[in-house]
Amino acid sequence: MGHIQADGIDIQTANNAWPYVCDYNDDGKKDLLVGQEGIYSTCNVYVYLNEGTNETPAFGDSTPVLFNGSPTSYWRTVPVFIDLDLDGKNDIVLGGWYSDVRFYTNVGTNANPVFSNYIYLVLPDSQGYSSGNPPRVAFADWDGDSDLDMLTCDYYGSVFLRENVTSPGIVENDKNPAASNVLTVTPNPFSDLATINYQPADDREVNLTICDITGRTVKSFPLITSQPFGSMSVAWDGRDNEHRRVPDGVYLITLMTGSRIETKKVLLVR
């Protein structure tokens with residue numbers, strides 16, 4: 001047991017430091033990501049790249065994590081490095097001073113992460129600090145439905161579960177008997193090819209899309225708007241609009257017509 005060093009000197013960060021071990025630059029070696037107080041410093045999210053091995057890490061000097069080309073500056077950050085939007089690139093999630101949680105999307109690569117925008121996963125609460133100051137954040141499939149839920153711990157020690165309910169506007173109808181025959185998927189789970197059956201009923205304008213669990217569209221079908229009424233079907237081979245194989249997992253198939261939206265889950269397992 002002892003101090004972790006960078007360039008042969010003990011690492012000494014500002015107050016309220018929070019470490020996160022990850023492979024930041026996709027070289028197969030564990031690096032060290034650190035958030036800290038940041039109130040009196042320009043930057044408070046640093047990465048220490050491993051210049052040694054996984055067995056004997058040797059960290060170089062700290063490098064600020066950049067946001068829009070400048071050092072990230074926010075108070076009491078708690079970083080998590082994770083591919084949250086499942087696009088194959090690692091993103092940063094930051095718990096922060098005002099009880100909020102920010103999601104910084106990686107628009108670069110895994111070898112050279114670039115962060116230029118963020119959205120709030122938890123909105124700021126500077127009055128009640130309902131998620132802590134700052135919230136400690138972790139992700140896990142808590143309810144076993146194949147998507148990532150978020151857990152936060154507050155200043156007073158309470159632990160909260162924030163269930164992943166997919167993107168706004170998507171309403172699942174798997175438990176609605178009246179809608180069960182409007183959109184069906186067979187087989188489910190599938191490995192090579194899924195047949196999607198749907199009934200446009202009295203609507204001639206039909207839109208059929210497939211999204212991942214974050215709500216990102218991976219496949220859209222060019223359906224003819226003047227098609228005849230009755231049961232229709234299309235096949236999905238587990239590839240996206242660029243004909244790339246999508247990862248195994250849960251996907252949402254959504255049928256949108258002029259009068260309703262129906263959604264079904266399908267599990268891809270190769």
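An account of the accompanying structure is given in this report. All of these numbers come straight from a predicted model, not from anything done at the bench.

Criteria and cut-off values
The residue numbers shown here count from 1 along each chain, following its written sequence. Local features are withheld for residues below a pLDDT of 70 in this predicted model, meaning they are given only at 70 or higher, and side-chain atom pairs are given and counted only at 80 or more; totals for whole chains, interfaces and linings count all residues. Values reported for side chains reflect all heavy atoms of the structure, with hydrogen atoms and water molecules removed beforehand. Just to be clear on terms, a salt bridge is a Lys or Arg side-chain nitrogen sitting within 4 Å of an Asp or Glu carboxyl oxygen. Strands here mean DSSP runs of E at least two residues long; helices mean DSSP runs of H or I at least four residues long; both are numbered from the N terminus. For every residue, the accessible area (1.4 Å probe, protein chains only) is compared with the maximum for its type, and the residue is labelled buried under 20%, exposed over 50%, or partly exposed between those bounds. At least two bridges found by DSSP between two strands is the condition for calling them paired. Among buried residues, the Ala, Val, Leu, Ile, Met, Phe, Trp, Tyr and Cys ones that are joined through side-chain atoms within 4.5 Å form a nonpolar core. We call two residues in contact when some of their heavy atoms are within 4.5 Å. A pocket, in this scheme, is an open set of points on a 1 Å grid over the protein atoms alone with protein on both sides within 12 Å along at least 5 of 7 lines, while a cavity is a set where a 1.4 Å probe fits but cannot get out; residues line either one if an atom lies within 4 Å of a point. Grid points are joined across faces, edges and corners, and a volume is the space filled by probe spheres set on the points. Classes in brief: Ala, Val, Leu, Ile, Met, Phe, Trp, Tyr, Cys and Pro nonpolar; Asp, Glu, Lys and Arg charged; the others, Gly included, polar.

### Brief notes about the pattern of salt bridges
Logical step 1: Taken as a whole and judged by the stated rule, the model has 4 salt bridges.
Logical step 2: Of the charged contacts, one joins R76 and E37 as a salt bridge, the two residues approaching to 2.8 Å between their closest N and O atoms. Taken together, the residues R76 in the loop between β8 (70–71) and β9 (78–82) and E37 in the loop between β4 (31–35) and β5 (45–48) connect sequence positions 39 residues apart. Neither R76 nor E37 differs from the other in exposure class; each is buried.

### Focus on the pairing of strand β18 (residues 207–211)
Logical step 1: The buried count for β18 comes to 4 of 5 residues, which makes it a mostly enclosed element.
Logical step 2: The pairing of β18 with strand β21 (residues 249–256) spans 5 bridges and is classified as antiparallel. Bridged to L208 within β21 is L255.
Logical step 3: Looking at chain direction, β18 and strand β19 (residues 217–221) are connected through 4 bridges and run antiparallel. Counterpart to C211 in the pairing with β19 is T217.

### What about the nonpolar core?
Logical step 1: Of all hydrophobic cores here, the largest spans 20 residues; its most connected members are I196, L208, I210, W236, Y251 and I253.
Logical step 2: Elements supplying a minimum of two residues to this core: β16 (183–186), β17 (194–198), β18, β19, β20 (232–236), β21 and β22 (261–268).
Logical step 3: Ignoring anything within four residues of it in the chain, the contact list for I253 reads L183, V185, I196, L208, T209, I210, E262, T263, K264 and V266.
Logical step 4: If you look at the next biggest cluster of nonpolar residues, it comprises 11 residues, including L33, V65, Y104 and F115.

### Here's the deal with empty space enclosed by the protein
Logical step 1: Taken as a whole and assessed by the stated rule, the structure comprises 1 cavity of 30 Å³ or more.
Logical step 2: Computed from the structure, the largest cavity encloses a volume of approximately 50 Å³.
Logical step 3: Surrounding the largest cavity, V45, V65, L66, F67, T72, I92, L94, Y104 and F115 form its lining.
Logical step 4: For the lining of the largest cavity, the secondary structure elements donating two or more residues are β7 (66–67) and β10 (91–95).
Logical step 5: Of the residues in the lining of the largest cavity, the class split is 8 nonpolar, 1 polar and no charged.

### Quick notes on the layout of surface pockets
Logical step 1: Its boundaries defined by the atoms lining it, the second largest pocket holds a volume of some 370 Å³.
Logical step 2: Lining the second largest pocket are 21 residues, with L86, D212, R216, P247 and Y251 positioned closest to its centre.
Logical step 3: Only β19 and β21 provide two or more residues apiece to the lining of the second largest pocket.
Logical step 4: Of all the elements, β21 adds the most residues to the lining of the second largest pocket, at 3 residues.
Logical step 5: In terms of residue class, the lining of the second largest pocket is made up of 7 nonpolar, 5 polar and 9 charged.

### Digging into unusual backbone geometry
Logical step 1: Of note, the bond from T186 into P187 is cis; its omega dihedral lies within 30 degrees of zero at -15°.
Logical step 2: Secondary-structure assignment places P187 in the loop between β16 and β17.
Logical step 3: In this chain, N188 is followed by P189 through a cis amide linkage whose omega measures 10°.
Logical step 4: Of note, P189 is situated in the loop between β16 and β17.
Logical step 5: If you check the backbone angles, D26 has positive phi at about 60° while not being a glycine.
Logical step 6: Along the polypeptide, D26 turns up in the loop between β3 (18–22) and β4.
Logical step 7: Note on D26: relative accessible area 49%, which makes it partly exposed.
Logical step 8: The backbone phi angle of H243 is positive, close to 65°, even though this residue is not glycine.
Logical step 9: In this structure, H243 sits in the loop between β20 and β21.
Logical step 10: Taking relative accessible area as the criterion, H243 reaches 53% and is therefore assigned exposed.

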